[in-house]
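Structure at a glance
Next come the chains, spelled out residue by residue.
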Amino acid sequence: ETGVTQTPRHLVMGMTNKKSLKCEQHLGHNAMYWYKQSAKKPLELMFVYSLEERVENNSVPSRFSPECPNSSHLFLHLHTLQPEDSALYLCASSQDPAGVWGYTFGSGTRLTVV
Amino acid sequence: AQKVTQAQTEISVVEKEDVTLDCVYETRDTTYYLFWYKQPPSGELVFLIRRNSFDEQNEISGRYSWNFQKSTSSFNFTITASQVVDSAVYFCALSPNAGNMLTFGGGTRLMVKP
């Protein structure tokens, strides 16, 4: 266990479904992140939250909607996804947004869009 | 802008061989941090090492060693006497000391065969 917990571990959803990914950390970290990892592609930063405020959104399609209700929890709400959105979605946390001390990652949610 | 290049996409070795994973980075910052992460089949990225740009001393941790060469902008990772459990994807990453986010390389998949 890394201290960052993601649920569910696996998710299969249809293109018309709405689902949410959950990430939880109790490390006392102040920043949380969503990354997308597709086959044969580098890790793509999707969203960054620092002290519960969104700091960066790297032009992610609006069908992905993040939510950070407190410093320990991060959600990624999904709706009307496309098959190309199938990927491993990784959550991470760090003591500071620059990640100077490194990131702690969860095990990811393997998402399949059918 | 920052960039991290891991030119080796896949490496296959036989157990007990030594293997070096290359990492070359680009940054305009004078102060920055370099990292290596391991991603086993379970999915989570596991932090291995953090090195700041002012510390060029090489580091050894058990079978792992890291060679930081600022003159060539490289931060290579060597596994001595590789084991099957070392099979994973390894990521090199860069964090500038300017509040920007962690930038990952494309990763190197290491396969250690018995």
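Residues numbered from 1 in each chain as written. Chains lettered and ligands numbered in written order. Predicted model: local features only at pLDDT ≥ 70, side-chain atom pairs only at ≥ 80, totals over all residues. Heavy atoms only, no water.

Moving on, we come to the overall build of chain B. For chain B, the helix and strand inventory stands at zero helices and 12 strands. Computed over C-alpha atoms, the radius of gyration of chain B comes to 14 Å, within 12% of the 13 Å expected from 2.2 N^0.38 for 114 residues, which places it in the range of a compact globule. Seen through its principal axes, chain B has C-alpha atoms that stretch 45 × 25 × 20 Å. Across the 114 residues that make up chain B, the buried fraction comes to 47%. (Helix = DSSP H or I, 4+ residues; strand = E, 2+ residues; numbered from the N terminus. Rg over C-alpha atoms; globule rule 2.2 N^0.38 Å. Buried < 20%, exposed > 50% of the residue type's maximum accessible area, 1.4 Å probe, protein only.)

Moving on, we come to the nonpolar core. When a protein is soluble and globular, its nonpolar side chains tend to lie buried together. Residue and element names in this part refer to chain B. Counting residues in hydrophobic clusters, the biggest one holds 24 residues, and the most contacted among them are Trp36, Trp66, Phe77, Tyr90 and Leu110. Listed by contribution, the elements that provide at least two residues to this core are β2 (10-14), β3 (19-21), β5 (32-39), β6 (46-52), β8 (64-69), β9 (74-79), β10 (88-96) and β12 (108-113). Ranked by residue count, the leading element in this core is β10, at four residues. For Trp66, the contacting residues outside a window of four places in its chain are Trp36, Leu48, Ile49, Asn58, Glu59, Ser61, Phe75, Asn76 and Phe77. (Core = buried A, V, L, I, M, F, W, Y, C linked by side-chain atoms within 4.5 Å. Contact = heavy atoms within 4.5 Å.)

Moving on: the pairing of β6 of chain B. Residue and element names in this part refer to chain B. The pairing of β5 with β6 spans six bridges and is antiparallel. In the strand pairing of β6, Lys38 is matched with Val46. Following β5, the chain reverses through six residues before pairing antiparallel with β6; Gly43 in that reversal takes a positive phi of roughly 110°. (Pairing = 2+ DSSP bridges.)

Before going further, it helps to examine the interface of chain B and chain A. On the chain A side, the residues contacting the 20 residues of chain B number 23 residues. Buried surface at the junction of chain B and chain A, summed over both partners, amounts to about 1,500 Å²; 62% is from carbon and sulfur atoms. In terms of surface lost to chain A, no three residues of chain B exceed Leu45, Met101 and Phe104 of chain B, which account for 34% of the buried area on that side. There are zero salt bridges connecting chain B and chain A. For the pair chain B and chain A, the interface holds four residue pairs in polar contact (both at pLDDT 80 or more). Those elements that provide at least two residues to the side of chain B that touches chain A are β5, β6 and β10 of chain B. Among the elements that make up the side of chain B that touches chain A, the one with the highest residue count is β5 of chain B (four residues). (Buried area = accessible area lost by both parts, 1.4 Å probe. Salt bridge = Lys/Arg side-chain N within 4 Å of Asp/Glu carboxyl O. Polar contact = N/O pair within 3.5 Å; in protein donor to acceptor, adjacent residues only side chain to side chain.)

Here we take up the pattern of salt bridges. Counting across every chain of the model gives five salt bridges over all chains. Taking the shortest distance from any N to any O, the salt bridge between Asp85 of chain A and Arg63 of chain A comes out at 2.7 Å. You can see Asp85 of chain A sitting in the loop between β8 (73-79) and β9 (87-94) and its partner Arg63 of chain A sitting in the loop between β6 (53-57) and β7 (64-70), a full 22 residues away along the chain. The exposure classification of Asp85 of chain A matches that of Arg63 of chain A, with both residues buried. Asp55 of chain B is the partner of Arg51 of chain B in a salt bridge, and the nearest nitrogen-oxygen pair spans 3.7 Å. Within this structure, Arg51, Asp55 and Glu59 of chain B form a network of salt bridges that share partners.

With that settled, the discussion passes to the confidence of the model for chain A. Scored by pLDDT, chain A has a mean of 90; 98% of the residues are at 70 or more. Taken element by element, the predicted model of chain A shows its lowest mean pLDDT in β6 of chain A (80) and its highest in strand β3 (residues 18-25) of chain A (97). (pLDDT = per-residue confidence, 0-100.)

Scanning the entire structure with this criterion turns up two disulfides over all chains. A sulfur-sulfur distance of 1.9 Å marks the disulfide that ties Cys23 of chain A to Cys91 of chain A. A torsion of -75° about the S-S bond marks the disulfide between Cys23 of chain A and Cys91 of chain A as left-handed. Separated by 68 residues along the polypeptide, Cys23 of chain A in strand β3 and Cys91 of chain A in strand β9 bring together distant segments of the chain. The buried category is assigned to Cys91 of chain A, whose relative accessible area is 0%. The partner cysteine of Cys23 of chain B in its disulfide is Cys92 of chain B, sulfur to sulfur 2.0 Å. Because the torsion about its S-S bond is -65°, the bridge between Cys23 of chain B and Cys92 of chain B counts as left-handed. In this pair, Cys23 of chain B is assigned in the loop between β3 and β4 (24-26) and Cys92 of chain B in strand β10, connecting sequence segments 69 residues apart. (Disulfide = S-S within 2.5 Å.)

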